[in-house]
Amino acid sequence: MDKTSRAARRSPSPGLDFQDPHSGTAAQGKLLEQAIGREVKRYREKLGLTIAELAKAAEMSAGMLSKIENGATSPSLASLQALGRALAVPVTAFFKSYEEIRDATFVKAGQGLTIERRGTRAGHQYQLLGHSPHGPVIVEPYLITLTHQSDVFPTFQHAGLEFLFMLEGNVVYRHGGKTYDMHPGDALFFDADAPHGPEELRELPIRYLSVISYRREE
């Protein structure tokens, strides 16, 4: 293999947005520019303005505004103040999405928090694998295990949506008036307000992921 071929294999493909994992400061700056651009575009579209109309109101070129919205340039404070006046929002509004809390939960294998839910009385084991303390939507991922000590319980009902993914065993799962014969790799997504739950435990142990999401009460 010649030097040109080896260099081509090491280089990122042309046209790809290549991120250098070691350029931390530059990456953070880029994220801020993109966040500002998203907010400017969101407020512009909310008012039904074109790029040309907003650019004229803010006394800047349409090209510069386009670069700001695409996160391709770092706008000056004067530019942000002009955009704020044109959009009738404070300058701080453009930083909103960048300053939002971004949560992450890491759970080591076998260390999920064992909790009690309605099915616990029927011998269903629940391990909570994460939580979402912020934001308008609550998401609860569980690892559920059914064993010889577990009973069927096809009458769960709660607000929100639920997603199941089978990992082990075989269960007939009911949702409303229908049943689903679930094997490893099968998935089921449904409105959790209808009665649902395991109706027949065919092959034990049974393990599946259950992800429940619902709107946080204000």
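Quantities reported herein were computed from a predicted structural model and do not represent experimental measurements.

Enquirer: Account for the overall build of the chain, naming residues and giving values.
Expert: Along the chain, the regular secondary structure elements total six helices and seven strands. Along the chain direction, N to C, the helices and strands of the chain fall in the order α-α-α-α-α-α-β-β-β-β-β-β-β. Scored against the burial criterion, the 218 residues of the chain give a buried share of 31%. In the chain, the share of contacts with a sequence separation of at least 24, taken over all contacts with a separation of at least 6, comes to 64%. Surface summary for the chain: the accessible area is close to 14,000 Å², and the carbon and sulfur share equals 54%.

Enquirer: Provide a residue-level description of the nonpolar core, including the pertinent values.
Expert: In this structure, Leu 164, Tyr 173, Met 182 and Tyr 208 are the most contacted members of the largest nonpolar core, which totals 19 residues. Among the secondary structure elements, those contributing two or more residues to this core are β2 (125–128), β3 (137–146), β4 (161–175), β6 (187–191) and β7 (196–215). Sort the elements by how many residues they give to this core and β4 lands first, with four residues. Discounting residues that sit within four places of it in the chain, Leu 164 has contacts with Tyr 173, Met 182, Asp 186, Ala 187, Leu 188, Phe 190, Tyr 208, Leu 209 and Ser 210.

Enquirer: Lay out the pairing of β3 in plain terms, naming residues and giving numbers.
Expert: Most of β3 sits inside the fold, with seven of its 10 residues counted as buried. Looking at chain direction, β2 and β3 are connected through four bridges and run antiparallel. Bridge pairing in β3 places Leu 128 opposite Tyr 142. Strand direction decides the pairing type here: β3 and β7, joined by 10 bridges, are antiparallel. Looking at β7, one finds that Ile 138 is bridged to Tyr 214.

Enquirer: For the packing of aromatic side chains, give the residues involved together with the corresponding values.
Expert: Using the criterion set out here, one finds five aromatic pairs in the structure. Relative to Phe 190, the ring of Tyr 173 has its centre 6.0 Å away and its plane inclined at 35°; by these criteria the two rings are tilted. With Tyr 173 in strand β4 and Phe 190 in strand β6, this residue pair connects regions lying 17 residues apart in the sequence. Relative accessible area serves as the criterion here: at 3%, Tyr 173 is assigned to the buried category. With centroids separated by 6.2 Å and ring planes inclined at 85°, the aromatic side chains of Tyr 173 and Tyr 208 adopt a geometry described as edge-to-face. Taken together, the residues span a long stretch of sequence, with Tyr 173 in strand β4 and Tyr 208 in strand β7 at a distance of 35 residues. Feature note: the residues Tyr 173, Phe 190 and Tyr 208 constitute an aromatic cluster, connected by ring pairs.

Enquirer: Can you explain the pattern of salt bridges? Please cite residues and give values.
Expert: Oppositely charged side chains are able to pair whenever their charged atoms sit close together. Scanning the model with the defined rule gives six salt bridges in all. The salt bridge partner of Arg 207 is Glu 168, with a shortest N-O separation of 3.0 Å. Residue Arg 207 is located in strand β7, and its partner Glu 168 is located in strand β4; the two are separated by 39 residues in the primary sequence. Note on Arg 207: relative accessible area 30%, which makes it partly exposed. Residue Asp 181 is joined to Arg 202 by a salt bridge in which the shortest nitrogen-to-oxygen separation is 3.3 Å.

Enquirer: Give me unusual backbone geometry: which residues, what numbers.
Expert: Cis geometry is found at the peptide bond from Leu 204 to Pro 205, where omega equals -5°. Looking at where Pro 205 falls in the secondary structure, it is placed in strand β7. Of note, Glu 59 is a non-glycine position whose phi angle comes to about 55°, a positive value. For Glu 59, the position within the fold is in the loop between α3 (51–57) and α4 (62–69). According to the relative accessible area criterion, Glu 59 is exposed, its value standing at 75%.

About the thresholds
- Residues numbered from 1 in each chain as written.
- Predicted model: local features only at pLDDT ≥ 70, side-chain atom pairs only at ≥ 80, totals over all residues.
- Heavy atoms only, no water.
- Helix = DSSP H or I, 4+ residues; strand = E, 2+ residues; numbered from the N terminus.
- Buried < 20%, exposed > 50% of the residue type's maximum accessible area, 1.4 Å probe, protein only.
- Contact = heavy atoms within 4.5 Å.
- Areas by Shrake-Rupley, 256 points an atom, 1.4 Å probe, with all protein chains shown as cover.
- Core = buried A, V, L, I, M, F, W, Y, C linked by side-chain atoms within 4.5 Å.
- Pairing = 2+ DSSP bridges.
- Phe/Tyr/Trp six-rings, centres within 6.5 Å; stacked < 30°, edge-to-face > 60°.
- Salt bridge = Lys/Arg side-chain N within 4 Å of Asp/Glu carboxyl O.

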